[in-house]
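Okay, here's what each chain looks like letter by letter:
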Amino acid sequence: MWRDAALVAGKDLRIEGRSRVGLSQVAPFGIVALVLFAFALGPDRQIMAKGAPGLFWVAVLFCTVLAVQRSVSVESADGARDGLRLSGIDPAGLFLGKSIAVAAQLVVLEAVLAVGVVLLYGARIEVPWLIVVSCLLGTVGLAATGTLYGALSAGIRVRETLLPLLLLPIVAPVLLAGTKIWQAAMSGGTPSDGTQWLRLLVIFDAVYVAVGVILFGPIQETA
Amino acid sequence: MASVAPPPSAVSLRGAVALSGRFPLLAGVDLEVAVGETVLVEGPNGAGKTSLLRVCAGLIPLSSGRLSVLGLDPVRRRTAVRRRVGLLSHASHLYDDLTVEENVRFAVRASGGEVVRIAPACARWGLTGRLARTSASKLSAGQRRRVALAVLTARWPEVWLLDEPHAGLDASARMLLDEAIAEASASQVTILIASHESGTVEGLADRAVTVTGGRISAERLLGVPPTAEATTTTGAVAHVA
């Protein structure tokens, strides 16, 4: 399983490295979203700083949808998905591999967006480790759910519009927990204010990684 | 009187029905293909040739009937069956952002094949030097086909399912393909070839079955002198040595 996961993750990251869709399109899209949020909130930096945690995670969710769609479309061209099915690759390994590749891209995007939030909104991070841990845990959940729902929508002709509709409500707990943790890390709150939300993220991650490992094969065969 | 055990079946379909929605792709196919046999699957467009091969590869599930490949159920033993079966389809299954060599390497490693076979397979299909380092997006249709064939020959599975294998290939590649099929056949690989170009393929096959309307409507032995008796019954294994 892990051999297949490493193989698939390596392949997807190599493709991403060549096409640079993440860096040249998804990251700029996230920055544009942050700038537009700033326009919508007005010039008051206090309001912007207060809204920064939620806006950061909304931008991350939008970028996740794009990253997952890219991950799905890579397998849609030239019957590549059939090629993967025919290879007899372990479906759990395939799920983990694609999730790892999406997660790696999301980590980079989150770093870019976090810098954007600090620069654009004047957000002050007072408990950095809480930010880092929340991003890592949130990334695992987003990558796992995204890969799972990406596979569900893969065989559907209208997947580009269906995927956000399926995915965004499911990842609402990540948005909620991530925002609360960031608020705790930025507003001078104590780390303990955020740790209960970290627990929610851990449970979310564990559930969706387990569901993906178990169900990715059947989903892939029927989608 | 000593009884002769029938040769083992590599592919066995019994009353196989496959549907796409409510449209029947296969409407009750009975077919036995012996280990090492080469069978030409012929028929008009839309007859069900491609569907038959995709069913044998386990890509299309049966609605009713039975299928076994190399004695295994392709649904219950999906991974085991797929690692022993190769399908050359209309699509090449290539990633445009990877090079030729990277595509072959990934496909072979994903299917559990031996990495040492990659270089000889690429060389066999002329995928060496600069071409091996070329991005798949820059390849012609014929070159993409060669890459798919390189994957197949590097993997060298026990069952080859070839869907219009000569399509898009130039004369030299067609010759290489015929050589590869002959070599595979000689090494007891079981081969099903779906083709419109019956004339090209007949010389390579032991038997031809005609698919019409999702059923096997006719069957004939190939490579048998006209004077010899060459009769088969539907479902019987016919292996011409």
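All values derive from a computational prediction rather than experimental measurement.

## Focus on the overall build of chain A
Thinking step 1. A tally of helices and strands in chain A yields nine helices and zero strands.
Thinking step 2. Secondary structure elements in chain A, listed N-terminal to C-terminal, are α-α-α-α-α-α-α-α-α.
Thinking step 3. Here chain A has a C-alpha radius of gyration of 18 Å; the compact-globule value for 223 residues is 17 Å, and the two agree.
Thinking step 4. Considered along the principal axes of its C-alpha atoms, chain A spans approximately 55 × 35 × 25 Å.
Thinking step 5. Of all 223 residues assigned to chain A, the portion counted as buried reaches 52%.
Thinking step 6. Contacts in chain A between residues at least 24 apart in sequence constitute 85% of all its contacts with a sequence separation of at least 6.
Thinking step 7. With the model as given, the accessible surface of chain A reaches about 9,400 Å², and the carbon-plus-sulfur share is 71%.
Thinking step 8. Side-chain charges in chain A split into 16 positive and 14 negative, and the spacing between the mean points of these groups amounts to 3 Å.

## Digging into the overall build of chain B
Thinking step 1. The helix and strand tally for chain B stands at seven helices and nine strands.
Thinking step 2. Looking at the 241 residues of chain B, the share that counts as buried comes to 51%.
Thinking step 3. For chain B, restricting intrachain contacts to residue pairs at least 6 apart in sequence, the fraction spanning at least 24 positions comes to 69%.
Thinking step 4. Of the roughly 10,700 Å² of accessible surface on chain B, 53% is carried by carbon and sulfur atoms.

## A few points about helix α2 (residues 21-41) of chain A
All names here are of chain A.
Thinking step 1. Spanning 21 residues, α2 covers 29 Å between terminal C-alpha atoms, matching the ideal 30 Å at 1.5 Å per step.
Thinking step 2. Looking at the buried positions of α2, the neighbouring elements they touch are α1 (2-19), α3 (45-76) and α5 (91-121).
Thinking step 3. Of the residues trailing α2, Gly 42 is marked for its positive phi of about 90°.

## A word on the packing of helix α3 (residues 100-110) of chain B against helix α5 (residues 141-155) of chain B
All names here are of chain B.
Thinking step 1. Closest axis-to-axis distance for the α3/α5 pair is 9 Å, and the angle between their directions is 40°. Comparing the axis directions of α3 and α5 gives the class oblique. Two packed elements cross with a definite hand, and for α3 against α5 that hand is right-handed. Mapping the contact onto sequence places Val 100, Val 104, Ala 107 and Val 108 in α3 and Val 147, Ala 150, Val 151, Ala 154 and Arg 155 in α5.

## Description of the side chain of A:Glu221
Thinking step 1. Of note, A:Glu221 is situated in helix α9 (residues 191-222).
Thinking step 2. By relative accessible area, A:Glu221 is classed as buried at 18%.
Thinking step 3. Not counting chain neighbours up to four residues away, the residues in contact with A:Glu221 comprise A:Arg85, B:Gly58, B:Arg78 and B:Arg82.

## What to know about the interface of chain B and chain A
Accessible area lost upon the coming together of the parts is a frequently used measure of interface size.
Thinking step 1. The partner chain A presents 26 residues to the 24 residues of chain B that form the contact.
Thinking step 2. Taken together, the two surfaces of chain B and chain A that pack against each other cover about 2,200 Å², and 54% of this comes from carbon and sulfur.
Thinking step 3. Applying the counting rule to chain B against chain A returns eight salt bridges.
Thinking step 4. Applying the counting criterion to the chain B and chain A interface returns 17 residue pairs in polar contact (both at pLDDT 80 or more).
Thinking step 5. Elements represented by at least two residues in the side of chain B that touches chain A include exactly α2 (78-82), β5 (85-88) and α3 of chain B.

## Details of the packing of aromatic side chains
Thinking step 1. As enumerated under the stated definition, the model contains seven aromatic pairs over all chains in all.
Thinking step 2. Ring centres 6.5 Å apart and planes at 55° place the aromatic pair A:Phe29 and A:Phe62 in the tilted group. Residue A:Phe29 is found in helix α2, and its partner A:Phe62 is found in helix α3; the two are separated by 33 residues along the sequence.
Thinking step 3. Each ring, one from B:Tyr95 and one from B:Phe106, has its centre 5.8 Å from the other, and the planes form 80°; the classification is edge-to-face. With B:Tyr95 in the loop between β5 and α3 and B:Phe106 in helix α3, the pair connects residues that are eleven residues apart, well separated along the chain.

## Focus: a nonpolar patch on the surface
Thinking step 1. Together, A:Val115, A:Val118, A:Leu119 and A:Ile125 make up a nonpolar patch on the protein surface, roughly 330 Å² of accessible area in all.
Thinking step 2. Summarising the element assignment, A:Leu119 is placed in helix α5.

## Comments concerning the sheet that holds strand β4 (residues 64-69) of chain B
Residues and elements named next belong to chain B.
Thinking step 1. Taking strand neighbours across the sheet as the criterion, the three strands line up as β2-β1-β4 in an open arrangement whose pairing is antiparallel. Since the sheet does not close on itself, it has two edges, and those belong to β2 (23-34) and β4, each with one partner. The mean inter-strand angle of the sheet, taken between neighbouring strand axes irrespective of direction, is 20°.
Thinking step 2. As defined by bridge partners, strand β1 (residues 9-20) adjoins β2 across nine bridges and the pair is classed as antiparallel. Following the sheet pairing, Leu 19 is matched in β2 by Pro 24.

Here is what the cut-offs are and how they apply
Residues numbered from 1 in each chain as written. Chains lettered and ligands numbered in written order. Predicted model: local features only at pLDDT ≥ 70, side-chain atom pairs only at ≥ 80, totals over all residues. Heavy atoms only, no water. Helix = DSSP H or I, 4+ residues; strand = E, 2+ residues; numbered from the N terminus. Rg over C-alpha atoms; globule rule 2.2 N^0.38 Å. Buried < 20%, exposed > 50% of the residue type's maximum accessible area, 1.4 Å probe, protein only. Contact = heavy atoms within 4.5 Å. Areas by Shrake-Rupley, 256 points an atom, 1.4 Å probe, with all protein chains shown as cover. Lys, Arg positive; Asp, Glu negative; His and termini not counted. Charge placed at Lys NZ, Arg CZ, Asp CG, Glu CD. Expected span 1.5 Å × (residues − 1). Axes fitted to C-alpha atoms, helices over the stretch in contact; angles between N-to-C directions. Parallel < 35°, antiparallel > 145°, perpendicular 65-115°, else oblique. Left-handed = near helix turned anticlockwise from the far one by under 90°. Buried area = accessible area lost by both parts, 1.4 Å probe. Salt bridge = Lys/Arg side-chain N within 4 Å of Asp/Glu carboxyl O. Polar contact = N/O pair within 3.5 Å; in protein donor to acceptor, adjacent residues only side chain to side chain. Phe/Tyr/Trp six-rings, centres within 6.5 Å; stacked < 30°, edge-to-face > 60°. Patch = residues over 30% accessible without salt bridge, like charges linked within 9 Å, V, L, I, M, F, W, Y side chains within 5 Å. Pairing = 2+ DSSP bridges.

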